[in-house]
Amino acid sequence: MLFLHLHYQLFLPNLYWVFLEELRLHMLILQFQQSLRAVVLAALLFFCINPIIAGIDAFDERCLWVVRNTMTNEQAIDEMIEFADVNGFNNLLVQVRGRGDAYYNSQLVPRSELLRDSAFDPLAYVLKKAHERGLTVHAWVNVYFIWASEKPPHALHHLYNRHPNWIDTNGNNDESSYNDENEKMGEGYFLAPHHPEVQKHLLAVFRELTALYDLDGLHLDYIRFHDTEYGNNEYAKSYYNKNIITLDWNNYRRAAITNLVKETKKMLMDVRPDCKLSAAVKPNLLLAKNRFFQEWDMWLAAGYLDWAIPMNYTPNLRDFAGNIGIMYENLPRKYRQKIMMGIALYNQPPLDAIDKINYSEITRFRGISIFSYNVFKENAGYSRDLLRTQ
């Protein structure tokens with residue numbers, strides 16, 4: 001049927017061709033969701049030009065997440081940029097805000113405790129070296145997630161110390177990620193997205209960052225509530241109860257995050273119009289919206305985001321395809337063109353990651369984002385097995 005399809009495509013009206021193409025992609029998604037791994041690999045062999053070695057250069061946008069431990073010295077940054085350039089990546093998502101701190105010079109945010117050289121500006125150095133190679137640089141910032149240790153940060157003006165009343169709590173008014181035995185139970189400490197002062201502060205941080213540095217992009221991570229039961233910050237909840245009568249509680253929480261994304265895009269258009277705004281988002285569109293109050297489909301539709309990067313990190317190919325199926329069911333094609341598929345390496349062997357890279361190509365995504373450079377750095381064999389020689 002596919003051969004007949006290809007033979008007659010020149011004679012089909014344009015709309016009919018588009019319809020058949022969409023139908024074929026939906027059939028592929030169903031096939032991948034319902035098949036055993038052997039069938040999946042057979043489909044990849046049929047449809048992919050390079051079935052064994054992943055060809056990331058098949059994508060327009062080839063992104064690499066660079067975690068902040070690489071941002072501590074010049075040598076580590078030089079090695080990372082060399083690796084990215086040689087292996088065909090063209091976008092670096094470099095983490096410059098990890099735990100409410102800064103890997104750049106800021107008057108608003110405390111310098112990271114991991115930076116030993118007080119004169120070293122990691123972001124300025126990355127920008128200089130990456131731009132010399134023709135690579136674009138996106139400043140990756142953890143938005144609401146500000147701390148993850150039972151010991152407080154040293155800097156007195158860190159938000160954890162300066163504004164503890166901005167930290168969100170769950171239904172038990174528990175803001176901590178630790179129990180009485182100091183065993184980690186959650187991700188850490190999050191700012192309350194619906195606290196009025198939180199948005200003002202974050203917008204000021206983003207404005208300073210994008211005004212001072214020649215960024216190609218601003219990449220938002222942890223742009224969500226901690227989880228469903230959170231949102232009980234005392235001031236924010238009281239403010240809602242006294243002032244908000246038009247939105248129910250869940251929609252109010254969604255609106256708080258959406259408004260920050262909207263205002264960030266508005267700020268970028270004023271300060272640095274060519275700077276792309278992207279966000280790392282939960283891969284299941286429905287779970288993102290209903291559990292974490294992250295309505296990223298709306299952000300794409302409204303034009304607030306240039307790119308959405310779903311963190312489709314599951315090692316299970318059926319679950320990976322299932323998340324993409326939900327995107328196809330809920331997002332028109334014009335919005336899917338703004339999705340760069342996020343794929344993890346830390347939890348799966350190279351051949352499994354290759355399956356997901358190839359599936360992202362089959363389902364017509366323009367770009368991928370690999371998490372993360374750390375895996376390549378710590379396991380040289382991984383890059384040899386995953387990446388095709390350029």
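Residue positions within a chain follow its written sequence, with the count starting from 1. Two thresholds apply to this predicted model, a pLDDT of at least 70 for residue-level local features and 80 or more for giving and counting side-chain atom pairs, whereas whole-chain, interface and lining totals are computed over all residues. To get the side-chain values, take all heavy atoms of the structure and skip hydrogens and water.

**Student:** Mind laying out the packing of helix α12 (residues 317-330) against helix α14 (residues 350-362), listing which residues take part and the relevant values?
**Tutor:** Axis definition: a line fitted to C-alpha atoms, over the contacting stretch in the case of helices. Angles run 0 to 180 degrees between N-to-C directions. Numbering goes from the N terminus for both helices and strands, where a helix is a DSSP run of H or I of at least four residues and a strand is a run of E of at least two. The contact between α12 and α14 brings their axes to 10 Å, and the two run at 25 degrees. One finds that α12 runs roughly parallel with respect to α14. Between α12 and α14 the crossing geometry is right-handed. Taken together, the residues of α14 that come into contact with α12 (itself represented by L317, F320, A321 and I324) are D355, K356, Y359 and S360. Ten residue types, Ala, Val, Leu, Ile, Met, Phe, Trp, Tyr, Cys and Pro, are classed as nonpolar, four, Asp, Glu, Lys and Arg, as charged, and the remainder, Gly among them, as polar. Its residues assigned to classes, the contact of α12 with α14 shows 5 nonpolar, 1 polar and 2 charged. If an angle is under 35 degrees, it is roughly parallel; if it is over 145, roughly antiparallel; if it lies from 65 to 115, roughly perpendicular; otherwise it is oblique. Crossing handedness is read from the near helix: turned anticlockwise from the far helix by less than a right angle, it gives a left-handed crossing, and turned clockwise, a right-handed one. Residue contacts follow a heavy-atom distance rule, with two residues in contact if any of their heavy atoms lie within 4.5 Å.

**Student:** Mind laying out the confidence of the model for the chain, listing which residues take part and the relevant values?
**Tutor:** pLDDT is a per-residue confidence score from the predictor, ranging from 0 to 100. For the chain, per-residue confidence averages 87 on the pLDDT scale, and residues scoring 70 or more make up 82% of the total. Averaged over each element, pLDDT in the chain is lowest for helix α1 (residues 2-8) (35) and highest for strand β6 (residues 217-221) (99). Within the model, pLDDT remains below 50 along residues 1-20, and this stretch shows 10 contacts once partners closer than five positions in the same chain are excluded.

**Student:** Which residues make up unusual backbone geometry, and what are the values?
**Tutor:** The omega torsion across F371 and S372 is 0 degrees, close enough to zero to call that bond cis. Turning to its location among the elements, S372 is positioned in the loop between β10 (367-371) and α15 (373-378). Unlike most non-glycine residues, F293 shows phi in positive territory, near 60 degrees. Here F293 shows up in the loop between α10 (285-291) and α11 (296-302). Positioned with a positive phi, R364 is a non-glycine residue whose angle comes to about 65 degrees. Here R364 lies in the loop between α14 and β10. Taking the relative accessible area as the measure of exposure, R364 reaches 34% and is therefore partly exposed. Accessibility here uses a 1.4 Å probe with only protein chains present; expressed as a share of the type maximum, an area under 20% marks a residue as buried, one over 50% as exposed, and anything in between as partly exposed.

**Student:** Could you give me a rundown of the pattern of salt bridges, with the residues and numbers involved?
**Tutor:** By salt bridge we mean one thing: a side-chain nitrogen of Lys or Arg within 4 Å of a carboxyl oxygen of Asp or Glu. Overall, the coordinates contain 12 salt bridges when judged by the stated rule. The residue E61 makes a salt bridge to R366 at a minimum N-O spacing of 3.4 Å. Of this pair, E61 sits in strand β1 (residues 61-66) while R366 sits in the loop between α14 and β10, placing them 305 residues apart in sequence. You can call E61 buried: its relative accessible area is 17%. Across the salt bridge formed by K200 and E197, the nearest N and O atoms sit 3.4 Å from each other. Of this pair, K200 and E197 both sit in helix α7 (residues 196-212), 3 residues apart, which is roughly one turn of that helix.

**Student:** Give me the lowdown on the sheet that holds strand β9 (residues 340-344), citing residues and values where you can.
**Tutor:** The criterion for strand pairing is that DSSP finds at least two bridges linking the strands in question. Taken together, the 8 strands give an open sheet; going across it, the order is β8-β7-β6-β3-β2-β1-β10-β9, and neighbouring strands pair in parallel fashion. With one partner strand each, in any of the chains shown, β8 (307-310) and β9 form the two edges of the open sheet. In this sheet, neighbouring strand axes are inclined to one another by 25 degrees on average, regardless of whether the strands run parallel or antiparallel. Looking at chain direction, β1 and strand β2 (residues 91-97) are connected through 4 bridges and run parallel.

**Student:** Can you explain α12? Please cite residues and give values.
**Tutor:** Between the first and last residue of a helix there are one fewer steps than residues, each counted as 1.5 Å, and that sum is the expected span. Between its first and last C-alpha, α12 extends 20 Å over 14 residues, near the 20 Å set by a 1.5 Å rise per residue. Counting buried residues along α12, 10 of its 14 residues qualify, which places the element largely inside the surrounding structure. The definition of a polar contact used here is a pair of N or O atoms within 3.5 Å, where within protein one atom must be able to donate a hydrogen and the other to accept one, and adjacent residues in sequence count solely through side-chain atom pairs. Sitting at the head of α12, N316 places a side-chain oxygen 2.9 Å from the backbone nitrogen of R318.

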